[in-house]
Amino acid sequence: MTETANQFTMTLAQLNPTVGDVEGNAARARAARAKARADGADLVVLPELFIAGYPPEDLVLKPAFQSACRAAIESLARETADGGPAVLIGSPWVEDGKLYNACALLDEGRIAAIRYKANLPNYGVFDEKRLFARGPAAGPVTIRGIRVGVPICEDIWLEQSEEYENVVECLAETGAEILVVPNGSPYARDKNDVRLSIAVARVTESGLPLVYLNQVGGQDELVFDGASFALNADLSVAAQLPGFCEAITTLRWSRRDGGWRCSGPVAPVLDGDQGDYAACVLGVRDYVGKNGFPGVLLGISGGIDSALCAAIAVDALGAERVRGVMLPFRFTAQVSLDDAARLAGALGIRYEVLPIAPAVNGLEEILSGAFAGLPRDITEENLQARARGTLLMAISNKSGAMVVTTGNKSEMSVGYATLYGDMNGGYNPIKDIYKTEVFRLSSLRNAWKPQGALGPSGEVIPVNIIARPPTAELRENQTDQDSLPPYDMLDGILERLVEREQPLASIVAAGFDREVVARIDRLLNIAEYKRRQAAPGVKVTSRNFGRDRRYPITNRFRDSGKPLPEPDQALLSRAGRGSAEAFEG
């Protein structure tokens, strides 16, 4: 109990759970509670579905998993009989045969209250409507005499409509004094501004201070950046936790003029290119660590994509857990060999050169009969990439290290990659980074590295790698621009096609060549089958391939490029508009 009714102390546990590790997540909750108790806190708050890890996807439908989560919550509840802080923790919860995304209040040795998520997101990376039942809007929970409203993540994002509850309005009307919002909100570029604007809107309409607690860490393609914060009722920033790292912070609230207010630490928040780079580092670190790989290896070509991936891997894991392999053929320029060696030296990684000529020549000899009378073409070029992929996978099998694949979003978009060749690998740090952004992030890393990065400071990517024209080096004097438009043009078109879903006519109207736009749109469509077979990778944009953009492989629709016609309203009968009269009788 606090000294007076006018004081309330709350510990925010911005932690990194692992999906499915119920015991490990419970242990993290216990450690956070111990820290909160040492700080004299009344309450410790943990993120959405923390005991399960977020997002649990269809694992949460498994009865044994549901039971394990409930048992862990009950065990934690019993431990609160020691008189220490109450615990507000997210968990899946089954009640009356329905599965809910819930938040449990544990205090005085019991489960004091349960609150259910009312608004279930069903867009982008979220599909909670197929997993959870919609919970009823409910009033606040009482913690040490203070009425705390607990909207869960999406409950603060949506205005009231026929489909959605205005949970915050309900909480304000039923006496909430502080809003505490547990979240599992994944990183996307410029997401911090969006979150803050949503929180400001809820504080403005309710007149209540708000605590936004987000989880941190990588889970498959998603990266959660933390960056939790608190707002006072006058919209001033009460506290700001750092991004991309765990943080346990205790906030001391005081009742003033009938309302609650606090002043806590304000950490800088990473955004833009710095946020993207930090997300890539955290995504690699947790994918490798949570899946138990001893380290990673990757092909070092002397090009910018593999250079950036190597820097990200070293920042994530440390140089001792990263292995670079140069796999030259007769088209590999000496400058590529030199730059690759300089990169490995600057990063301090293990590095070796394995010429692939014996493998490629052997494959061509084996295929000579099958290819008799046929001209040389891209098939022979792809043999080089596939020989490299085979060798990297062999080293992976022998060492246990995971292969990092290095294709950027521009290449993934238009299929400028070889299946079972340079697409081989377990994870891709730059899968959602366009080529122009690869250049920017490489230059950025030479001037800055995120806090907690394990790589060296200073220039780690040789400037010559950034300055050279990109090339796959699969034939003599090849450059990427032989097959693709300049990357600034290509990426401008792709961003409009992928992130914005703009019609071709609109993209042409923006100043792009009609034939180039049509060609890129065609390449984007026909490369879907390759993308379905690509390794997972860090999501940083609003629309990544896989979780966000889910297109059919078999798909004959093509945008004609003509301006979109207006709907013919005259063809819509009253029944066609879905009028009630159409269904009478």
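Each remark here, short or long, concerns the structure printed above.
The text that follows walks through the structure, step by step, so that each part is easy to find. All of these numbers come straight from a predicted model, not from anything done at the bench.

**Structural notes on the packing of aromatic side chains**
Thinking step 1. All chains considered together, the criterion is met by eight aromatic pairs.
Thinking step 2. The interplanar angle of 65° and the centroid separation of 6.4 Å between the aromatic rings of Phe 8 and Trp 260 together place this pair among those described as edge-to-face. Remark: Trp 260 occurs in strand β15 (residues 259-262) and Phe 8 occurs in strand β1 (residues 7-14); sequence separation between them is 252 residues. Accessibility assignment for this pair places Phe 8 and Trp 260 in one class, buried.
Thinking step 3. Relative to Tyr 116, the ring of Tyr 100 has its centre 4.0 Å away and its plane inclined at 15°; by these criteria the two rings are stacked. Highlighted residues: Tyr 100 in strand β4 (residues 98-107) and Tyr 116 in strand β5 (residues 110-116), separated in sequence by 16 residues. Here Tyr 100 matches Tyr 116 in class, with each residue buried.

**Some words on the pattern of salt bridges**
Thinking step 1. Applying the stated criterion across every chain yields a total of 37 salt bridges.
Thinking step 2. Here Glu 352 and Arg 323 are joined by a salt bridge, their closest N and O atoms 2.5 Å apart. One end of the pair, Glu 352, is in strand β18 (residues 350-353); the other, Arg 323, is in strand β17 (residues 322-326), and 29 residues separate them in sequence. The same class applies to Glu 352 and to Arg 323, which are both buried.
Thinking step 3. For the salt bridge of Arg 532 with Glu 528, the shortest nitrogen-to-oxygen distance reads 3.6 Å.
Thinking step 4. A residue is classified by how much of its surface remains accessible, and Glu 528, at 6% relative accessible area, is buried.
Thinking step 5. Each of Glu 528, Arg 531, Arg 532 and Arg 549 takes part in one network of salt bridges that share partners.

**Here's the deal with empty space enclosed by the protein**
Thinking step 1. Inspection of every chain in the model, using the stated rule, returns one cavity of 30 Å³ or more.
Thinking step 2. Taken as a whole, the largest cavity holds about 80 Å³ of empty space.
Thinking step 3. Listed by contribution, the elements that provide at least two residues to the lining of the largest cavity are β5 and α3 (167-173).
Thinking step 4. Tallied by class, residues from the lining of the largest cavity come to nine nonpolar, one polar and two charged.

**Here we look at the sheet that holds strand β12 (residues 229-231)**
Thinking step 1. With mixed pairing, six strands are arranged side by side in an open sheet as β6-β7-β8-β9-β12-β13. Lying at the two open borders of the sheet, with one neighbouring strand each, are β6 (141-143) and β13 (237-240). When strand polarity is set aside, the average angle formed by the axes of neighbouring strands in this sheet is 25°.
Thinking step 2. Relative to strand β7 (residues 146-149), β6 runs antiparallel, the two being bridged by three bridges. When the bridges of β7 are listed, Ile 143 appears paired with Ile 146.
Thinking step 3. Docked against the sheet, helix α4 (residues 191-206) engages β8 (178-183), β9 (210-214) and β12, running at close to 30° with respect to β12.

**What to know about unusual backbone geometry**
Peptide bonds are mostly trans, and most non-glycine residues show a negative phi.
Thinking step 1. The omega torsion of the bond from Tyr 54 to Pro 55 falls at -5°, within 30 degrees of zero and hence cis.
Thinking step 2. Within the fold, Pro 55 resides in the loop between β2 (43-45) and α2 (63-79).
Thinking step 3. In this model, Glu 57 sits at a positive phi of 50°, which is unusual for a non-glycine residue.
Thinking step 4. The topology assignment puts Glu 57 in the loop between β2 and α2.
Thinking step 5. With a relative accessible area of 34%, Glu 57 lands in the partly exposed category.
Thinking step 6. At Asp 190, a position not held by glycine, the phi torsion is positive, near 65°.
Thinking step 7. Its place among the elements puts Asp 190 in the loop between β8 and α4.
Thinking step 8. Residue class for Asp 190 comes out partly exposed when judged on its relative accessible area of 41%.

**Thoughts on the pairing of β17**
As a general feature of sheets, a regular strand has side chains that alternate between the two faces.
Thinking step 1. Burial analysis of β17 places five of its five residues in the buried class, the great majority of the element.
Thinking step 2. Of the two faces of β17, the one holding Val 322, Gly 324 and Met 326 and the one holding Arg 323 and Val 325 are both buried throughout.
Thinking step 3. By the bridge criterion, four bridges tie strand β16 (residues 296-299) to β17 in an arrangement that is parallel. What sits directly across from Leu 298, in β17, is Gly 324.
Thinking step 4. For the crossover that starts at β16, traverses helix α6 (residues 304-317) and ends in the parallel β17, the hand is right-handed.
Thinking step 5. Pairing of β17 with β18 involves four bridges; the strand directions are parallel. Considered in β18, the bridge of Met 326 is made with Val 353.
Thinking step 6. As a crossover connection, the stretch from β17 through helix α7 (residues 334-347) into β18 is right-handed.

**A short note on helix α1 (residues 22-38)**
Thinking step 1. Taking 1.5 Å of rise per residue, 17 residues should cover 24 Å, and α1 covers 25 Å from first to last C-alpha, within 8% of that figure.
Thinking step 2. Among all positions of α1, only Val 22, Asn 25, Ala 26, Ala 29, Ala 32, Arg 33 and Ala 36 are buried. Looking straight down α1, one finds that the buried residues subtend no more than 120° of arc, so they occupy a single side. Opposite its buried face, α1 presents the exposed residues Glu 23 and Ala 38, each directed more than 90 degrees away.
Thinking step 3. Residues of α1 that are buried sit in contact with β1, β2, α2, β3 (86-95) and β14 (247-256).
Thinking step 4. Taken from the residues just after α1, Gly 40 is the one with a positive phi, measuring 75°.

About the thresholds
Residues numbered from 1 in each chain as written. Predicted model: local features only at pLDDT ≥ 70, side-chain atom pairs only at ≥ 80, totals over all residues. Heavy atoms only, no water. Phe/Tyr/Trp six-rings, centres within 6.5 Å; stacked < 30°, edge-to-face > 60°. Helix = DSSP H or I, 4+ residues; strand = E, 2+ residues; numbered from the N terminus. Buried < 20%, exposed > 50% of the residue type's maximum accessible area, 1.4 Å probe, protein only. Salt bridge = Lys/Arg side-chain N within 4 Å of Asp/Glu carboxyl O. 1 Å grid on protein atoms, 1.4 Å probe; cavity = no way out; pocket = protein on both sides within 12 Å on 5 of 7 lines; lining within 4 Å. Points joined across faces, edges and corners; volume = space filled by probe spheres on them. Nonpolar A, V, L, I, M, F, W, Y, C, P; charged D, E, K, R; others polar. Pairing = 2+ DSSP bridges. Axes fitted to C-alpha atoms, helices over the stretch in contact; angles between N-to-C directions. Contact = heavy atoms within 4.5 Å. Right-handed = clockwise from strand over helix to strand, strands pointing away. Expected span 1.5 Å × (residues − 1). Arc of directions from axis to C-beta.

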